[in-house]
Amino acid sequence: MAFTHTGEDVDKSMFEGREIAPDPWADQCDVERSLVPIEGKENLYRHTNNTFPATHSGLVLIQDEGALVIDAGNNCAAEWLRDEIKSRFDKDITLAILTHAHFDHLAGSTVYQDAGAKVIAQRNALEPIIGEKMPVAEPTITFDEEMTVTFGDYEVLLHHETAGNHSNSMVQVWIPELSAMQCTDVCQSETFPYMDFLDFYYPGWIETLDWVIDKNPDVVEVGHYSPSTTEDQVALRDYMTELHDQVLELHREGMPWDQLWRNVTAGNEHKDDWFGYEYMRVHNIRGMFRWVDNHRRGLW
């Protein structure tokens, strides 16, 4: 066995006869890719699809038993990574972890599965993979809240926040011995969160950041952009809680949207040092407004 785990094997019959939609990214091949070592972390690498801001990125752990790969960009990126790992390390991809059921991070995962890799996802990922007819790998192992994988010399902890965050199927991947974590999309790298918080669960997002901060990883891979640190997640948590509290207060004052967004100051202090201020900030306010508006219980 290349690895052991505490998860559950998926009943393959649930995938029988499922419809699969055409892959819209199948031919997106003309981008730069890389597989680079993470400084000071033996056997740990980062794969990227495109240069900064990386369209997709994830950790790769190389062991005698093979390679553990987190997420995939698209078919061309996954094929390149498969061949690069084989060429440089003479290893096959034996285990793939899918962080959540959003197509941009699952695309290309069939390449890993076709090469013989087992595929892990949180249990909630199964329904959208089937229901949305995603042309992606069909998970072979699932779990609910936490799962441990022993891969070569390393224990790998998979964590799921049941309250949701950026998805209700999100997985954080923690490698304690290397003090390294994959925290896709929830964590940021001196960047504003994407647009209007698509597929958003505010309380669980904050709980997830608290969990990450408590682990205090040296390296946090966020699935895009550049690797980050625990300090970056502390700053992100401060921004998101301030944004939430300001939007809630202004909403309670009865301020309409077209005035409210102009009166939110959260994030202004990062105008010059975080990526995405002009692209993401107003969208962030809109997404938080939507969350607050849907979850307030005032006078009727």
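These lines cover the structure that appears in this document, whether it is placed above or below.

Thresholds applied
- Note that residues are indexed from 1 along each chain, following the sequence as it is written.
- A pLDDT threshold of at least 70 governs which residues receive local features in this predicted model, and a stricter bar of 80 or more applies before side-chain atom pairs are shown or counted, although totals over entire chains, interfaces and linings include all residues.
- Hydrogen atoms and water are omitted, and side-chain values are computed over all heavy atoms in the structure.
- Grid points spaced at 1 Å over the protein atoms alone were grouped into cavities, where a 1.4 Å probe fits but cannot get out, and pockets, open sets with protein on both sides within 12 Å along at least five of seven lines, with lining residues defined by an atom within 4 Å of a point.
- Grid points are joined across faces, edges and corners, and a volume is the space filled by probe spheres set on the points.
- In this classification, the charged set is Asp, Glu, Lys and Arg, the nonpolar set is Ala, Val, Leu, Ile, Met, Phe, Trp, Tyr, Cys and Pro, and all remaining amino acids, among them Gly, are polar.
- Criterion used throughout: strands pair if DSSP finds at least two bridges between them.
- Helix and strand assignments come from DSSP, with helices taken as H or I runs of at least 4 residues and strands as E runs of at least 2, each series counted from the N terminus.
- Interaxial angles span 0 to 180 degrees and are taken between N-to-C directions of axes, which are lines fitted to C-alpha atoms, for helices over the stretch in contact.
- Only heavy atoms enter the contact rule, under which two residues are in contact if any of them lie within 4.5 Å.
- Candidate patch residues must exceed 30% relative accessible area and have no salt bridge, after which like charges are joined if within 9 Å and Val, Leu, Ile, Met, Phe, Trp or Tyr side chains if within 5 Å.
- Methods summary: accessible areas were calculated by the Shrake-Rupley approach with a probe of 1.4 Å, and residue burial reflects only the protein chains presented.
- Any Lys or Arg side-chain nitrogen found within 4 Å of a carboxyl oxygen on Asp or Glu counts as a salt bridge.
- The charge count treats Lys and Arg as positive and Asp and Glu as negative. His and the chain ends do not count.
- The atom standing in for a charge is NZ when the residue is Lys, CZ when it is Arg, CG when it is Asp and CD when it is Glu.
- Exposure classes here rest on a 1.4 Å probe applied to the protein chains alone. A residue is buried below 20% of its type maximum, exposed above 50%, and partly exposed in between.
- Roughly parallel here means an angle under 35 degrees, roughly antiparallel means over 145, roughly perpendicular means 65 to 115, and every remaining angle is called oblique.
- Definitions for this section: a left-handed crossing has its near helix turned counterclockwise from the far helix by less than a right angle. A right-handed crossing has that turn clockwise.

## Here we look at the layout of surface pockets
Alright, step 1. Quantified by volume, the largest pocket comes out at close to 380 Å³.
Alright, step 2. Lining of the largest pocket is provided by 20 residues; of these, Asp 104, Asp 185, Tyr 194, His 224 and Tyr 225 occupy positions nearest its centre.
Alright, step 3. Here the lining of the largest pocket is composed, by residue class, of 12 nonpolar, 6 polar and 2 charged.
Alright, step 4. The calculated volume of the second largest pocket comes to roughly 150 Å³.
Alright, step 5. Considering the residues around the second largest pocket, the lining is formed by 11 residues, among which Phe 3, Asp 9, Lys 118, Thr 140 and Ile 141 are closest to the centre.
Alright, step 6. Of the residues belonging to the lining of the second largest pocket, the class tally is 4 nonpolar, 4 polar and 3 charged.

## What to know about the sheet that holds strand β12 (residues 172-175)
Alright, step 1. As summarised here, the arrangement of the 6 strands in space is β1-β10-β11-β12-β13-β14, forming an open sheet in which the pairing is mixed. The outermost strands of the open sheet, each flanked by one partner alone, are β1 (3-5) and β14 (219-221). Neighbour-to-neighbour, the strand axes of the sheet open up by a mean angle of 20°, direction not taken into account.
Alright, step 2. Across 6 bridges, the pairing between strand β10 (residues 146-151) and strand β11 (residues 154-159) is antiparallel. Each residue of the ladder has a partner; that of Glu 146, found in β11, is His 159.
Alright, step 3. Along the sheet, helix α5 (residues 202-215) makes contact with β10, β11, β12 and β13 (180-182), crossing β12 at roughly 10°.

## Some details on a negative patch on the surface
Alright, step 1. Together, Glu 42, Asp 64, Glu 65, Asp 153 and Glu 177 make up a region of like negative charge exposed at the surface.
Alright, step 2. The exposure class of Glu 65 is partly exposed, given its relative accessible area of 36%.

## Here we look at the packing of α5 against helix α6 (residues 230-252)
The relative placement of two packed helices is expressed as an angle between their axes plus a distance between the axes.
Alright, step 1. Running from N to C, α5 and α6 point in directions that differ by 155°, and their axes come no closer than 10 Å. Classified by the angle between their axes, α5 and α6 sit roughly antiparallel to one another. Helix-helix and strand crossings are classified by hand; for α5 and α6 the assignment is left-handed. Counting all contacts with α5, which are made through Tyr 202, Trp 205, Ile 206, Leu 209, Asp 210, Val 212 and Ile 213, the residues of α6 involved are Thr 230, Gln 233, Val 234, Leu 236, Arg 237, Met 240, Thr 241 and His 244.

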